[in-house]
Amino acid sequence: IPPEIARSNIHATGVISYESFEPKRDKVSRVVLFNYDLYLPKDFVPKPVDGEVEEFFLWSIDQLKESMARDFPDPIKPNCYVVIIEYLLRMGYISPETPGYLDIVRELRSGDCQ
């Protein structure tokens, strides 16, 4: 993403914190994820260049929700799910009327940030 596009179109949206247990290493990790929305021109096609992802694609909200199913054929990295959940909350796709809403909000800020 060219720096001029990123600088003018990125917006900080919040933070997620959580702790995870790594059984193989018998270790608890603290994680803090700072989240941003990046608005790209409609004709911009991002290219994976850092080796972290294979491809980018544009999904509808319904496709995004479907990707979170346990049996989704191409699982997303676990730490990406919390970012998706935070986005769905922020945009109102998960509303206060949703069962467990307060639990979800609390869990997204459950890690010790020290």
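Residues numbered from 1 in each chain as written. Predicted model: local features only at pLDDT ≥ 70, side-chain atom pairs only at ≥ 80, totals over all residues. Heavy atoms only, no water.

1. A few points about the overall build of the protein
Tallying secondary structure elements over the protein gives four helices and two strands in all. Element order for the protein, N to C, with α for helix and β for strand: α-β-β-α-α-α. Over its C-alpha atoms, taken along the principal directions, the protein stretches across nearly 40 × 40 × 30 Å. Within the protein, the proportion of its 114 residues that are buried is 18%. A total of about 9,100 Å² of accessible surface is found on the protein, and carbon and sulfur atoms cover 56% of it. The centroid of the 13 positive side-chain charges in the protein is displaced by 4 Å from the centroid of its 19 negative side-chain charges. (Helix = DSSP H or I, 4+ residues; strand = E, 2+ residues; numbered from the N terminus. Buried < 20%, exposed > 50% of the residue type's maximum accessible area, 1.4 Å probe, protein only. Areas by Shrake-Rupley, 256 points an atom, 1.4 Å probe, with all protein chains shown as cover. Lys, Arg positive; Asp, Glu negative; His and termini not counted. Charge placed at Lys NZ, Arg CZ, Asp CG, Glu CD.)

2. Remarks on the pairing of strand β2 (residues 27-38)
With twelve bridges joining them, strand β1 (residues 10-22) and β2 adopt antiparallel strand pairing. Within the sheet, the bridge partner assigned to Ala12 lies in β2 and is Tyr36. Linking two consecutive strands that pair antiparallel, namely β1 and β2, is a turn of four residues; a positive phi of about 50 degrees is found at Asp26 within it. (Pairing = 2+ DSSP bridges.)

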